[in-house]
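Listed below are the residues making up each chain.
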Amino acid sequence: MDALEELLGGPQRLRVLKLFIQNPEVSFDSAQITRRSRVPERAVHRELSFLGRIHFIKSKRAGKGKVWLLNPVFPILTSLTHLLTSARSLDSGYLARQFRSIRGIKLIIAAGIFIKDDRSRLDLLIVGDRVNKRRVEAVIKRVEAEAGKELTYYICATDDFTYRLGAYDKFIRDILDHPHEKVINKLGVV
């Protein structure tokens, strides 16, 4: 457990906090929180109870159930948001470790949430040959739980990427010409 997780009550609370902070306008039911944060349902109820008691979130009735959303007037929301978004838990080393076991990946470019650039067209570009998309999606779900936000990503074959790069494709150029970080670069892309 890293210092931030320990300070904030463990990895489960940290994931739930990030989910609300990264999605300040969205209301979630407990099933959505469980699925998106990858925190067990029982723990989600415990965290919602705690976060409701301290007024970090507020609840409201929705249909037959209840939904929770971030309390925008929580006294230390700005400081907590800054702390959680500036923590480097989602750095390139973390991403490389997550994708290491997936064969065929030649290039991973991180942008968007990973470099704190809201203007970026996507968060991850994954290039490779015969990449197991199910395994990639499973890793993406884990990373989304850590980030507290759904990621925008694109997976393409090496020959498709090489062709689009050579043809100065606008989408690929937008990614490479704007701030990004190469997590894996077996293609030698400059």
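Procedures and definitions
Residues numbered from 1 in each chain as written. Predicted model: local features only at pLDDT ≥ 70, side-chain atom pairs only at ≥ 80, totals over all residues. Heavy atoms only, no water. Helix = DSSP H or I, 4+ residues; strand = E, 2+ residues; numbered from the N terminus. Buried < 20%, exposed > 50% of the residue type's maximum accessible area, 1.4 Å probe, protein only. Salt bridge = Lys/Arg side-chain N within 4 Å of Asp/Glu carboxyl O.

Visitor: Any chance you could break down unusual backbone geometry for me, citing the residues and the numbers?
Guide: Positive phi, close to 60 degrees, is recorded for Arg 38, a residue that is not glycine. The topology assignment puts Arg 38 in the loop between helix H3 (30–37) and helix H4 (41–53). According to the relative accessible area criterion, Arg 38 is partly exposed, its value standing at 42%. Although it is not a glycine, Arg 130 adopts a positive phi angle of roughly 50 degrees. Inspection of the secondary structure assignment puts Arg 130 in the loop between strand S4 (124–128) and helix H7 (133–147). The exposure class assigned to Arg 130 is exposed, which follows from its relative accessible area of 84%.

Visitor: Go over the pattern of salt bridges with me, naming the residues and quoting the values.
Guide: Tallied over the full model, the rule gives 10 salt bridges. Its salt-bridge partner being Arg 119, residue Asp 117 comes within 3.4 Å of it at the nearest N-O pair. When its relative accessible area of 9% is taken as the criterion, Asp 117 is described as buried. Looking at Arg 119, the relative accessible area reads 74%, which means it is exposed. A salt bridge links Asp 177 to Arg 173; the nearest nitrogen and oxygen atoms lie 2.9 Å apart. Residue Asp 177 and its partner Arg 173 are both found in helix H9 (residues 170–177); the two are separated by four residues, about one turn of the helix. It is possible to trace a salt-bridge network through shared partners that takes in Arg 121, Lys 170 and Asp 174.

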